[in-house]
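Listed below are the residues making up each chain.
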Amino acid sequence: MKNLLGLLCLLIASSQVLAQANDRGEVYAPVPALVRGVVNGAPPSDAIILFDGTHLDAWNRTADDTAARWLIEDGAITVQRGAGTIKTKQSFGDIQLHIEWRPSDIIQGRGQGRGNSGVFLHSLYEVQVLDSWENETYVNGQAGSIYKQQAPLVNASKPPGQWQSFDIIFKAPVFNETGVLAAPAYVTVLQNGVLVLNHFEILGATFTETPEYTSRCGPYSQEERIQDCSGKMPITLQDHGQSVSFRNIWVREL
Ligand code: MG
């Protein structure tokens, strides 16, 4: 029965594709939208700009929803110890995210205590930001890891004080109307143009002993690691108490 249903779905899907193709197998519609790509580092034409170097209007402090208070200087924002983690005012589902980051060139701590911040997709799934240049730590906690779930494929880190980039493709988890997981989240990450995570299946909220998905159709809770069943959540940048700067942050909704 299951196989029969699968075959039926396949036939319907095939007929939909074939319906759009002419007798030479060519498809002319719908036509993909025209998008101007990255030019000299400037975001694509359909990107939502989260930080352009001048203001933090797209961000709030996570703890109390007041204005984000990170230092803005020379076109970058820098974590201010104690200023707190910040989150986008807008919530997002599936996204392409570009973000540039730079650990301080003044080396103070080591391991997780050196250049630690993080990009939290849906506020719950951390792509680790860390100064991982000649800095030993657990590999599933180094830069480009999904924190305590998956080490990056390679260490693509630059020396401290240099700008680095993440290009992240995030497929949000899907929940049914009662909040039960229907499909997990997936993430692909390029660090400095190098693939470090390839369509990794996220196991659930990071920062927990046993990662799991918990959702409810109502207010989400970053503290309790509870996801909003709408499939849309803010992006969060971590204040881990160390000096890390960010710039040129943009997102495309997929
Ligand atoms: Mg971190």
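Residues numbered from 1 in each chain as written. Predicted model: local features only at pLDDT ≥ 70, side-chain atom pairs only at ≥ 80, totals over all residues. Heavy atoms only, no water.

Chemist: Help me get a handle on the pairing of strand S12 (residues 186–191), residues and values and all.
Modeler: In this structure, strand S9 (residues 164–171) lies alongside S12, joined through six bridges in antiparallel fashion. Residue Asp167 lies in a different strand from S12, and its bridge partner there is Leu190. Pairing geometry for S12 and strand S13 (residues 194–201), over five bridges, is antiparallel. Along S13, the bridge assignment pairs Tyr186 with Glu201. Once S12 ends, the chain turns through two residues before running back antiparallel as S13, passing Asn192 with a positive phi of about 50 degrees. (Pairing = 2+ DSSP bridges. Helix = DSSP H or I, 4+ residues; strand = E, 2+ residues; numbered from the N terminus.)

Chemist: Describe in detail the environment of Ser117, supporting the description with residues and values.
Modeler: Examined against the element boundaries, Ser117 turns out to sit in strand S7 (residues 117–121). When its relative accessible area of 0% is taken as the criterion, Ser117 is described as buried. For the pair Ser117 and Thr210, spaced 93 residues apart in sequence, the C-alpha separation works out to 21 Å. (Buried < 20%, exposed > 50% of the residue type's maximum accessible area, 1.4 Å probe, protein only.)

Chemist: Report on the coordination of the magnesium ion, specifying residues and quantitative values.
Modeler: Donor atoms from the polypeptide that bind the magnesium ion are Asn116 (OD1), Ser117 (O), Glu126 (OE), Gln128 (OE1) and Gln238 (OE1), placed at 2.2 to 2.3 Å. For the magnesium ion, the single-chain donor residues occur in sequence as N-S-x8-E-x1-Q-x109-Q. Separated by 10 residues along the polypeptide, Asn116 in the loop between strand S6 (95–103) and S7 and Glu126 in strand S8 (residues 125–129) bring together distant segments of the chain. On the accessibility criterion, Asn116 (2% relative accessible area) is buried. By relative accessible area, which is 1% here, Glu126 ends up buried. (Donors = N, O, S within 2.8 Å, 3.2 Å for Na, K, Ca; no water.)

Without other data, these values stay purely geometric and don't point to any function.
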